[in-house]
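# Remarks on the overall topology
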Amino acid sequence: MRDKQVQDLKEYKYGFSTEIENIKAPKGLSEDVIKFISNIKKEPKWLLEWRLKAYNRLKVLKEPDWQKPKYPKIDYQDLYYYSAPKSFKEKPKNLNELDPKLLETYKKLGIPLQEQKRLNGIAVDAVFDSVSVATTFKDTLTKQGIIFCSISEAIQKHPDLVKKYLGSVIPITDHYFATLNSAVFTDGSFVYVPQGVRCPMELSTYFRINASDTGQFERTLIIADKGSYVSYLEGCTAPMRDENQLHAANVELVALDDAEIKYSTVQNWYPGDKDGKGGIYNFVTKRGLCQGKNSKISWTQVETGSAITWKYPSCILKGDNSIGEFYSIAITNNHQKADTGTKMIHIGKNTKSKIISKGISAGYSDMTYRGLVDISKNANNSSNYTQCDSLLMGNKCGAHTVPYIKNKNSASNIAHEATTSKISEDQLHYCQQRGLNSEDAVGLIVNGFCKEVLQQLPMEFAVEAQKLVGISLEGSVG
Amino acid sequence: MEKQLRTDFKKIIDSSNFSEKEIITKEKYLNKFIQYGFPGKKNEDWKFLDLNQAIKSNIENLNYFNENLPNEVDSKIYVDGLEHNKIVFINGRIEKIDFKYEESDKFEIKDQFDSECLLNDVNSLVDLNSALTNKYYKIQVKEHYTVKKPVIIYSLTTSKISSKNINIRLDFDLKSNSSLRVIDYSMDKSENNFVNIVYNFNLEKDAILKNYKLDKEENNNIKYSYNNINLDTNSVAENFILSLGSKFIKNEINCNLNGKYSSAFVNGIFNLDNNKNHEIRTSINHLNENTKSFQLIKSVLGENTKSAYQGKIFVKSNAQKTDGYQLSKAILLSDNSEFNAKPELEIYADDVKCSHGSASGSLNQDSIFYLMSRGLNYKEAKELLINGFLLDVVEKITDNEIKNLIKNIMGLKE
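All values reported here derive from a predicted model rather than from experimental measurement. (Residues numbered from 1 in each chain as written. Chains lettered and ligands numbered in written order. Predicted model: local features only at pLDDT ≥ 70, side-chain atom pairs only at ≥ 80, totals over all residues.)

### Points about the overall build of chain B
Secondary structure summary: chain B contains 7 helices and 19 strands in total. Expressed as lengths along the three principal axes of its C-alpha atoms, the size of chain B is roughly 70 × 45 × 45 Å. Expressed as a percentage of its 414 residues, the buried residues of chain B come to 49%. (Helix = DSSP H or I, 4+ residues; strand = E, 2+ residues; numbered from the N terminus. Buried ≥ 20, exposed ≤ 12 C-beta atoms within 10 Å, placed from the backbone.)

Have a look at this one:
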């Protein structure tokens, strides 16, 4: 029974692609393509100008090359920057108008878009290639004044909010991939939680890359106004293809006074096959700004997919007494590579941050934790605690830790700990003695190793993530 | 800079008697240095401490040629209370070599150029050193010999020189089952020079090296020291760095644990005040099974000071059963002090035990309160705590004689 289950799970079950007619922008990156995207999305003029400004800057920028996992040069002219199902020329008013093929796709992915089928009431915004296909539970949210829609819709309906906050955390003058995203971003989610509102349900986005030769460049913007709370989940999958696909998203979070944002990601992009062929390049920029006093931003990520994961969800702790948290599990197997971690920039007084990172590498993979803790001169009484543990399985893989610690304030404390080890024989022996087979024993120990992070995930996600952790390591033991 | 370098290089060649081959090699290193120049912030290894900037802003018209006039060695400089062998450098020139405590047949000093000892692809400063050193010495300890007294290498600069680049290079060969204690003792009377020191140690089977570096005297020089240590089976290298006096110093230690059961220890202290900017960078490469490393670095940072610690533990895929440990701690005493750390692990083997820790912050107020409630004043309480904090590192020194010497130098109480 278990063997069958394992066999089922071992295969990347989200690897199918959907045959659907697409509208694509002309291949390549140029001013015309940006105009095409802007035009098809009926964007206001300021946004087009903003995009072009980013594009102009991109022309003089160089791709960063300090990362651990090296990859073949990406030909940016050989990509489609916009791809959308044909039936999407006009966004469907409701789910009944949605292309049945799309509904089928999401059903296969386990994301039924029909609201009534949802168990626990999680509002979903589903993004298919370059467009958002459906957002559920809109009415319930609107009643509370919460705006949850695709960013394209927000640009049309709430231009003031978008104009105010877009690029306020990740400006167009940022690094290469962030600027690329600013120039060509297609869709993504937009969330605004008004003052004093506690969002009654989990909000969630589901990203799906379908078309080939396409890069996905979504942009997510979440604003939590004074005293509000929102928990946001993100999931991602892609079809199995031989080529490497680029995913360069930008996520901006803004927390005002006393607000709290909890952002969880379960990333399961196609990791490539056993020999490291294909898979997604996941080069994402995620940054949260604790702008107001007593605000809090918490990132939780479970990274199991992608050929290369290269991202550092960060917190800028600008408001006094603000809190930043980062919980991460990153698992690499076969030929996967990951260079991930976080940045905690302490600017305000009494700011606190906590980093818990768990890395597991198996097979031929390579995993790097890279993090920055920077306590600036005026950030009195700030503190940081960092713990990053790595687990190695086999001697063909690598686990690396590269923390940068900068302390400029004498009244602040930084503590950092890191360990690297393998699963101890004693622990395995103990479990096996009590009747578990070696794979179950490893599963149990790994789950224990990750527990601190898994606990941070919302219930439904935690179960999925726990399974995912098990699956990703199948076959790497023994 | 290039023009100055080339003319000074020519002067060095003219004033020494190098063979044709040596000159070609030296030229190669010179070209390499000219290509890369002084490392600056853009270079990852110099992220926390920009040498290029420091040289530009502190040294006007840096000169690379010293006339190398002989200097009198003043015996007042010698360390009291410890019988020792001496090597005296004055302004980069060896003035005295004195090994009177040792058996002469167990000990050899060569001054032949040996191309095998050149260090390639380390960084541009080592290239500069290879290009411009005019004299080359290699100290060889023969099999099964324990050098009886420690060797103190005095490196002095006199007030005569300024805006000079001084390059010092020494090699040490420890044959199997030999042992050597080295103390690097720098005393500077000069200002605004750039001192570039490269030592290379080769440890054969079962050899023991104890390497202590003391930078004690207040001075306005910029210094860089690079120590490369190759360790064969079952050999041990113990390093201790005391970083106090110079305005700007970077100590770099690179250990290659090539043989099984070899081990490396690096302990260091920064105790800084007055605008000083110091760094220690270590890289410990575990290249074989059952190797061990231990590092402990502590900083006490006063007004306007900056210290940085970059430590890397590298474990090759065949280096199973590696045990690597690294801890850095800092106390920031002033609002203008800054501590930077980059403790790095790069691990390719699974059966290893590697960990690192780093902590920085102010003095513990509870501890101060505790001491003050027992009658100490604030200053005494603070001093006692710092004393204890630093003593921890000094206690790691395994050689009692030298441990006491260092305690005296630092004024540490037990």
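This is not the end of the story, as more comes after the structure.
### Some remarks on the overall build of chain A
Secondary structure assignment for chain A yields 11 helices and 24 strands. Scored against the burial criterion, the 478 residues of chain A give a buried share of 55%. Considering only residue pairs separated by 6 or more positions, chain A has 83% of its internal contacts joining residues 24 or more positions apart. (Contact = placed C-beta atoms within 7 Å.)

### Digging into the interface of chain B and chain A
In this assembly, 32 residues from chain B lie in contact with 30 residues from chain A. Where the side of chain B that touches chain A is concerned, the elements lending two or more residues are β18 (338–347) and β19 (353–361) of chain B. Note: strand β23 (residues 398–407) of chain A against β18(B), 6 bridges, orientation antiparallel. Looking across to β18(B), one finds that His400(A) is bridged to Glu346(B). (Pairing = 2+ DSSP bridges.)

### Structural notes on the nonpolar core
In this structure, Val191(A), Leu253(A) and Ile261(A) are the most contacted members of the largest nonpolar core, which totals 218 residues. What Leu253(A) contacts, discounting residues up to four positions off in sequence, is Val169(A), Ile222(A), Ile261(A), Tyr263(A), Gly288(A), Leu289(A) and Ile297(A). (Core = buried A, V, L, I, M, F, W, Y, C linked by C-beta atoms within 7 Å.)

### Comments concerning the environment of Ile153(B)
All names here are of chain B. Note that Ile-153 resides in strand β5 (residues 151–157). The sequence separation of Ile-153 and His-84 amounts to 69 residues, and the corresponding C-alpha distance is 10.0 Å. Dropping the residues within four chain positions of it, Ile-153 is found in contact with Ile-87, Val-182, Ile-183, Asp-184 and Tyr-185.

### Digging into the packing of helix α1 (residues 2–15) of chain B against helix α2 (residues 20–36) of chain B
Residues and elements named next belong to chain B. Interhelical geometry of α1 versus α2 gives an angle of 165° and a closest axis separation of 11 Å. By the angle between their axes, α1 is roughly antiparallel relative to α2. Where α1 crosses over α2, the handedness of that crossing is right-handed. Counting all contacts with α1, which are made through Glu-2, Leu-5, Phe-9 and Ile-13, the residues of α2 involved are Ile-23, Leu-30 and Ile-34. (Axes fitted to C-alpha atoms, helices over the stretch in contact; angles between N-to-C directions. Parallel < 35°, antiparallel > 145°, perpendicular 65-115°, else oblique. Left-handed = near helix turned anticlockwise from the far one by under 90°.)

### Some points on the pairing of β18(B)
Residue and element names in this part refer to chain B. Within β18, 10 of the 10 residues are buried, leaving the element largely enclosed by the surrounding structure. The side-chain alternation of β18 yields two buried faces, one formed by Glu-338, Asn-340, Lys-342, Glu-344 and Glu-346 and the other by Phe-339, Ala-341, Pro-343, Leu-345 and Ile-347. Both strand β16 (residues 306–315) and β18 contribute to a ladder of 10 bridges, which runs parallel. Of the residues in β18, the one forming a bridge with Ile-313 is Leu-345.

### Structural notes on helix α6 (residues 378–394) of chain B
Helix length check: α6(B), at 17 residues, gives a terminal C-alpha distance of 24 Å against a target of 24 Å (1.5 Å per residue), a fit within 8%. For α6(B), the full list of buried residues reads Ala381(B), Leu390(B), Val393(B) and Val394(B). (Expected span 1.5 Å × (residues − 1).)

### Remarks on the pairing of strand β17 (residues 323–332) of chain A
Residues and elements named next belong to chain A. Most of β17 sits out of view: 9 of its 10 residues are buried. By the bridge criterion, 8 bridges tie strand β14 (residues 296–303) to β17 in an arrangement that is parallel. In the sheet register, Trp-299 faces β17, and the bridge partner there is Phe-326. One ladder, built from 10 bridges, connects β17 with strand β20 (residues 352–362); its direction is parallel. From the neighbouring strand, Glu-325 faces β20, where its bridge partner is Lys-354.

### Quick word on unusual backbone geometry
Trans is the common state for peptide bonds, and a negative phi is the common state for residues other than glycine. One non-glycine residue, His144(B), lies in the positive phi region at around 55°. Structurally, the position occupied by His144(B) is in the loop between β4 (137–141) and β5.

### Overview of the environment of Lys403(B)
Residues and elements named next belong to chain B. Turning to its location among the elements, Lys-403 is positioned in helix α7 (residues 400–410). Classification of Lys-403 as partly exposed rests on a count of 17 C-beta atoms within 10 Å. A C-alpha to C-alpha distance of 10.0 Å links Lys-403 and Tyr-212, two positions 191 residues apart in sequence. If sequence neighbours within four positions are ignored, Lys-403 has contacts with Val-394 and Ile-397.

### Overview of the environment of Leu61(A)
Residue and element names in this part refer to chain A. With respect to the secondary-structure elements, Leu-61 resides in the loop between α3 (45–60) and β2 (83–85). Accessibility expressed as a C-beta count within 10 Å gives 16 for Leu-61, which makes it partly exposed. In the structure, Leu-61 is positioned 112 residues away from Thr-173 in sequence and 9.7 Å away in space, judged by C-alpha atoms. If we ignore the near neighbours within four places in the chain, the residues touching Leu-61 are Tyr-176 and Thr-179.

### Focus: α3(A)
All names here are of chain A. In a regular helix each residue adds 1.5 Å, so 16 residues correspond to 22 Å; α3 covers 24 Å between its end C-alpha atoms and thus fits that length. Of the residues making up α3, those classed as buried are Arg-51, Ala-54, Tyr-55 and Leu-58. Along the axis of α3, the buried residues cluster in a sector spanning 105°; they form a single face. Turned more than 90 degrees away from the buried face of α3, the exposed residues are Lys-45, Trp-46, Glu-49, Lys-59 and Val-60. (Arc of directions from axis to C-beta.)

### Considering the confidence of the model for chain A
Summing up the model confidence of chain A, the mean pLDDT is 83 and the portion of residues at 70 or higher is 82%. Here residues 115–120 of chain A is modelled with pLDDT under 50, and outside its nearest four sequence neighbours on either side it reaches 5 contacts, counting other chains as well. (pLDDT = per-residue confidence, 0-100.)

### Focus: the packing of helix α9 (residues 425–433) of chain A against helix α10 (residues 438–454) of chain A
Each pair of packed helices can be summarised by the angle the axes make with each other and by the distance between the axes. Residue and element names in this part refer to chain A. Packing of α9 against α10 brings their axes to within 9 Å, and their N-to-C directions diverge by 120°. When the axis of α9 is compared with that of α10, the two are oblique. The hand of the α9/α10 crossing is right-handed. Contacts between α9 and α10 pair Gln-427, Leu-428, Cys-431 and Gln-432 from the former with Ser-438, Ala-441, Leu-444 and Ile-445 from the latter. Partitioned by chemical class, the residues of the contact of α9 with α10 number 5 nonpolar, 3 polar and no charged. (Nonpolar A, V, L, I, M, F, W, Y, C, P; charged D, E, K, R; others polar.)

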